[in-house]
Amino acid sequence: MQPIPSPPILLSVFPAGPGGGNPCPVVLDARGMDAEVMRGLAVHHGHESGFVLPPEESGTADFRFRFFVPEHEMEMCGHATLGAAWLLRAEGRAPGPELRIETLSGPVRAIFGAEGAVEVTQPPGRVETVGDITVVLSALGLTDADLRPGSSVLNAATSRVKTLVPVADLARLHALNPAPARVRAACEAIGSTGLYPWAGDTDGVVHARQFPRSSGYPEDAATGIAAAALLYGLGAPEAGLLVRQGEAMGRPSEIHVRRDPDGPGCRLGGRVELMS
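Residues numbered from 1 in each chain as written. Predicted model: local features only at pLDDT ≥ 70, side-chain atom pairs only at ≥ 80, totals over all residues. Heavy atoms only, no water.

A. Fine view of the overall build of the chain. Across its full length, the chain carries 6 helices and 18 strands. A compact globule built from 276 residues would reach a C-alpha radius of gyration of about 19 Å, and the chain, at 18 Å, matches this within 12%. Seen through its principal axes, the chain has C-alpha atoms that stretch 50 × 40 × 35 Å. When burial is assessed residue by residue, the chain has 53% of its 276 residues classed as buried. Of the contacts formed within the chain by residues at least 6 apart in sequence, a portion of 62% connects residues at least 24 apart. Within the chain, the 31 negative side-chain charges are centred at a point lying 1 Å from the centre of the 23 positive side-chain charges. (Helix = DSSP H or I, 4+ residues; strand = E, 2+ residues; numbered from the N terminus. Rg over C-alpha atoms; globule rule 2.2 N^0.38 Å. Buried < 20%, exposed > 50% of the residue type's maximum accessible area, 1.4 Å probe, protein only. Contact = heavy atoms within 4.5 Å. Lys, Arg positive; Asp, Glu negative; His and termini not counted. Charge placed at Lys NZ, Arg CZ, Asp CG, Glu CD.)

In structure tokens:
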């Protein structure tokens, strides 16, 4: 792999216990790196990776972020944005109350709170019912009887479309073991970037798993963009959601999602820590 101007710093984003969270390499100075070098780093680490660059429009943004999975570039990544913003703050490069960030999916803000807390904004969600769910159920190895009664399979998005699949109980959710090729075929058939089966919704706590369409790995331990989509799929409750993910992988994660008190969209947040 070509030498990298600024070596990546490895973070765990959204951890909720030992070994938890989504691993994320972040390059704080990606100037001079082209797309193939960035993708090569994601391939090397096997995880979605974030890259910090000067903004293209300095009057409206403080930084520009790019995101790559082993297969390709992503328009937006919730956990990499959160991680990179947290790291910029820790390095003294984000002294103000928030950051204005350029991404391929549009402008994003990172808002800082006390004791290292950070939240990332997302635009208002859009939701539509998936008419024919046969290909989705087949990909996940489910039947209609495995779904939560009275709930629908939805395509929902803030930045990217995720397919929300309401599973009847946690045991069935954690037993899922879909083949990546079938997940990809299902996503392509319904215009989705990942299947997001979920269960629970008790006192604002939801358990979920994320099977991406074509990231180069079969499952994500924590997916902020999917959690934001789920907030809107569940009607954007006033109290917000706590989404637990990664449990079936042995990487327990927690994502907090709530309406943005300062705008029309939502905010997602959670813990970030350095990986040893």
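B. Highlighting the pattern of salt bridges. Here the structure, examined in full by the defined rule, presents 18 salt bridges. Arg172 serves as the salt-bridge partner of Asp169, at 2.7 Å between the closest nitrogen and oxygen. With its nearest N and O atoms 2.8 Å apart, the salt bridge here joins Asp262 to Arg267. A network of salt bridges, in which partner residues are shared, links Glu98, Arg109, Glu119, Arg258, Asp260, Asp262 and Arg267. (Salt bridge = Lys/Arg side-chain N within 4 Å of Asp/Glu carboxyl O.)

C. Spotlight on helix H6 (residues 224-233). The buried fraction of H6 is high, at 9 of 10 residues. Within H6, burial applies to Gly224, Ile225, Ala226, Ala227, Ala228, Ala229, Leu230, Leu231 and Tyr232. At the exit of H6 stands Gly235, carrying a positive phi of roughly 85°.

D. Geometry of the packing of aromatic side chains. Overall, the coordinates contain 2 aromatic pairs when judged by the stated rule. Between Phe51 and Phe68, the aromatic rings sit 6.0 Å apart at their centres with planes inclined by 85°, giving edge-to-face as the arrangement. Residue Phe51 is located in strand S3 (residues 49-53), and its partner Phe68 is located in strand S4 (residues 63-68); the two are separated by 17 residues in the primary sequence. Both residues of the pair, Phe51 and Phe68, belong to the buried class. Aromatic side chains Phe65 and Phe67 sit 6.4 Å apart centroid to centroid with 85° between the ring planes, which places their arrangement in the edge-to-face category. For the pair Phe65 and Phe67, a shared accessibility class is recorded, and that class is buried. (Phe/Tyr/Trp six-rings, centres within 6.5 Å; stacked < 30°, edge-to-face > 60°.)

E. Main features of the side chain of Ser214. Among the secondary structure elements, Ser214 is positioned in the loop between strand S14 (211-212) and H6. Here Ser214 falls in the buried class, since its relative accessible area comes to 12%. If we skip the residues at most four places from it in the chain, Ser214 touches Val69, Glu71, His72 and Arg184.

F. Region of interest: unusual backbone geometry. Even without a glycine there, the phi angle at Glu115 is positive, about 55°. Of note, Glu115 is situated in the loop between strand S7 (106-112) and strand S8 (118-122). Looking at Glu115, the relative accessible area reads 87%, which means it is exposed. Located in the positive-phi region is Ala236, a residue other than glycine, with phi close to 50°. The residue Ala236 is located in the loop between H6 and strand S15 (241-245) in this model.

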